[in-house]
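Listed here are the chains, written in short residue letters.
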Amino acid sequence: MPLANRKLNPEAEQLYKVINGQVPDWVPRYGLIGPSNPYSTTPANERGLWSTVLPPRTATEDGKFVDYWGVTYVPEHTISDAALPEPDNFILDDIANWPDIIKAPDLSNVDWEIACKKDLEAAGDISEFVVSMGGGGGFFLPLMNFMGFTNGLIAMYEEPDLVHELFTYLADFYCSMLDQQWKYWGDIIDMGGIGDDAATAANPFISPLMFREMVKPYHARLTKYAQERGLPVNMHCCGRCEDFIPDWVDYGVSVWNPAQVDNDLDGIKAKYGRSLALAGCWDSSGPAGWPDAPEELVREAVRETINRFGKDGGFLFYGSSYGTPGEEGAENKKRWITQAYEEFRAEPYK
């Protein structure tokens, strides 16, 4: 089902233009304004294609869950139930022990043709959407989830060879899945993706040099599947991570989310133009993101963001609204952001 044989819906057409370096007719949305948003009046523009061959996470009686690596996570209600590794409950205390502790799921008996077909059928009719696919898990962040940031960062500094061994093991596992998924899904994918949070709001956790030496080679292994097919790659990395952008671009990244305001977004847009689409640019920690922000303040922040970054393409609006799901204040803000986006999204192109 290549794009030449599909008719994208109008929203997906605009998204497709931006992720491929073209100028859209209006600012497309990303993230919040999606099919699960009851306040949106326009159809979704993107669908993710996911594999179900990996073991599902296991819920515990106290509301936590355990992933397939064995890491326990705790959902945080104030940030829309985003899950964080449980403090002081890490599975790896010494990087030298990783071969005994870190065990990838055994997928040797998976019939990939049947599995991929079932997942495609479960996705429904995706022909009118931009179809995106992740590139497996990350590397830096899983290490921190396994060990905690203190021990994980020390391991990267003191035992780089062992960390490379672990990252190679992870990459081999991810790529073994991608080899199969691209075999059966490659003709219907419009965008690849990878995620690896490696920065705080102030600075990256590691230097650009360490990133280049210890993380970049493994990201590049994953993104080559999309690169070889001429597809854009969507990179997820929170925080002030602009130091990594030259390396991302080097291995094929052309979309970055959530492009947070801790970075020099104006300078980045000026430098990269439409070759690196910024998905985000919303100041979730500023006045419009505060719990008691009034409607007019929120609406004006949406308008200012769209007009500041929307000109000449290279921008996808991503207005995040945090808070306890279902809470009146959080729902109000989600509605205001959605309505303001739909009202102002065409202004930069008038």
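Everything below is about the structure shown above.
None of these values were measured; they are calculated from a predicted model.

Asker: I'm lost on a negative patch on the surface in this one. Help?
Answerer: Together, Asp-93, Asp-94, Glu-158, Glu-159, Asp-161 and Glu-165 give the surface a local cluster of negative charge. With respect to the secondary-structure elements, Glu-158 resides in helix H5 (residues 149-158). On the basis of relative accessibility, which here comes to 56%, the residue Glu-158 falls in the exposed class.

Asker: Sorry if this is basic, but what is going on with helix H11 (residues 295-309) here?
Answerer: Side chains of residues three or four places apart in an α-helix project in the same direction, reflecting 3.6 residues per turn. With 15 residues, H11 should reach 21 Å at 1.5 Å per residue; the first-to-last C-alpha distance of 22 Å fits that figure. Regarding H11, the residues found buried are Val-298, Arg-299, Val-302, Thr-305, Ile-306 and Phe-309. Take H11 and look down its axis: the buried residues cluster within an arc of 130°, on one side only. Buried residues belonging to H11 abut helix H10 (265-272), strand E10 (277-280), strand E11 (315-317) and helix H12 (328-344).

Asker: I keep staring at the sheet that holds strand E3 (residues 65-66) and nothing clicks. Help me out?
Answerer: Strand pairing in a sheet relies on backbone hydrogen bonds. The paired strands run either parallel or antiparallel. Read from one edge of the open sheet, 4 strands run E2-E3-E4-E5, paired in antiparallel fashion. With one partner strand each, in any of the chains shown, strand E2 (58-59) and strand E5 (82-85) form the two edges of the open sheet. Judged from the 2 bridges that link them, E3 and strand E4 (residues 72-76) form a sheet pairing that is antiparallel. Along E4, the bridge assignment pairs Phe-65 with Tyr-73.

Asker: Could you clarify how one ought to interpret the packing of H11 against H12 in this entry?
Answerer: In contact at an axis separation of 9 Å, H11 and H12 are set at 40° when each is read in the N-to-C sense. Classified by the interaxial angle, the pair formed by H11 and H12 is oblique. Where H11 crosses over H12, the handedness of that crossing is right-handed. In contact with Glu-295, Val-298, Arg-299, Val-302, Arg-303 and Ile-306 of H11, H12 contributes Lys-333, Trp-336, Ile-337, Gln-339, Ala-340, Tyr-341, Glu-343 and Phe-344. Per-class residue counts for the contact of H11 with H12 are 8 nonpolar, 1 polar and 5 charged.

Asker: How should unusual backbone geometry be read in this particular structure?
Answerer: When glycine is set aside, most residues are seen to have a negative phi, and most peptide bonds are trans. Note that the residue after Asn-257, namely Pro-258, is joined by a cis bond; omega there is 0°. Among the structural elements, Pro-258 can be located in the loop between strand E9 (253-257) and H10. For Asp-312, which is not glycine, the phi dihedral falls at a positive 65°. Mapping Asp-312 onto the fold places it in the loop between H11 and E11.

Asker: Help me understand the packing of helix H6 (residues 160-185) against helix H8 (residues 216-227), please; the structure alone is not making it clear to me.
Answerer: The description of two packed helices rests on the angle between their axes and on the distance between the axes. The geometry of H6 relative to H8 is characterised by a closest axis approach of 9 Å and an angle of 10° between their N-to-C directions. It follows from the interaxial angle that H6 and H8 lie roughly parallel. Between H6, through His-164, Phe-167, Thr-168, Ala-171, Asp-172, Tyr-174, Cys-175, Leu-178, Asp-179 and Trp-182, and H8, the contact on the second element is made entirely by Tyr-218, Arg-221, Leu-222, Tyr-225 and Ala-226.

Asker: Got a minute to help me understand the nonpolar core in this structure?
Answerer: As a rule of thumb, soluble globular proteins bury nonpolar side chains together. Within the largest apolar cluster, 88 residues are counted, with the highest numbers of intra-cluster contacts made by Ile-95, Met-156, Trp-248 and Trp-256. Per-element accounting of this core gives the leading share, 13 residues, to H6. Non-local contacts of Trp-248, meaning those with residues more than four positions away in its chain, are made with Phe-211, Met-235, Cys-237, Cys-241, Val-253 and Trp-256. Among the nonpolar cores identified, the runner-up in size contains 12 residues, and Leu-8, Ala-12, Met-191 and Val-255 belong to it.

Asker: Would you explain H5 in this entry?
Answerer: Listing the buried residues of H5 in full gives Gly-152, Ala-155 and Met-156. Along H5, the residues classed as buried sweep out an arc of 95° about the axis, all on the same side. The outward face of H5, more than 90 degrees from its buried face, is lined by the exposed residues Thr-150, Tyr-157 and Glu-158.

Asker: Would you mind going over empty space enclosed by the protein with me for this structure?
Answerer: One water molecule sets the probe size; rolling that probe over the atoms shows where empty space is left. Scanning all chains against the criterion turns up 1 cavity of 30 Å³ or more. Taken as a whole, the largest cavity holds about 60 Å³ of empty space. Looking at the largest cavity, it is lined by 13 residues, and the ones nearest its centre are Gly-135, Gly-192, Gly-193, Leu-222 and Thr-223. For the lining of the largest cavity, the secondary-structure elements that each account for two or more residues are strand E6 (130-134), H6, strand E7 (191-195) and H8. At 4 residues, the largest contribution of residues to the lining of the largest cavity is made by H8. The residue makeup of the lining of the largest cavity, split by class, is 8 nonpolar, 5 polar and no charged.

Rules of the game
- Residues numbered from 1 in each chain as written.
- Predicted model: local features only at pLDDT ≥ 70, side-chain atom pairs only at ≥ 80, totals over all residues.
- Heavy atoms only, no water.
- Patch = residues over 30% accessible without salt bridge, like charges linked within 9 Å, V, L, I, M, F, W, Y side chains within 5 Å.
- Areas by Shrake-Rupley, 256 points an atom, 1.4 Å probe, with all protein chains shown as cover.
- Salt bridge = Lys/Arg side-chain N within 4 Å of Asp/Glu carboxyl O.
- Lys, Arg positive; Asp, Glu negative; His and termini not counted.
- Charge placed at Lys NZ, Arg CZ, Asp CG, Glu CD.
- Helix = DSSP H or I, 4+ residues; strand = E, 2+ residues; numbered from the N terminus.
- Buried < 20%, exposed > 50% of the residue type's maximum accessible area, 1.4 Å probe, protein only.
- Expected span 1.5 Å × (residues − 1).
- Arc of directions from axis to C-beta.
- Contact = heavy atoms within 4.5 Å.
- Pairing = 2+ DSSP bridges.
- Axes fitted to C-alpha atoms, helices over the stretch in contact; angles between N-to-C directions.
- Parallel < 35°, antiparallel > 145°, perpendicular 65-115°, else oblique.
- Left-handed = near helix turned anticlockwise from the far one by under 90°.
- Nonpolar A, V, L, I, M, F, W, Y, C, P; charged D, E, K, R; others polar.
- Core = buried A, V, L, I, M, F, W, Y, C linked by side-chain atoms within 4.5 Å.
- 1 Å grid on protein atoms, 1.4 Å probe; cavity = no way out; pocket = protein on both sides within 12 Å on 5 of 7 lines; lining within 4 Å.
- Points joined across faces, edges and corners; volume = space filled by probe spheres on them.

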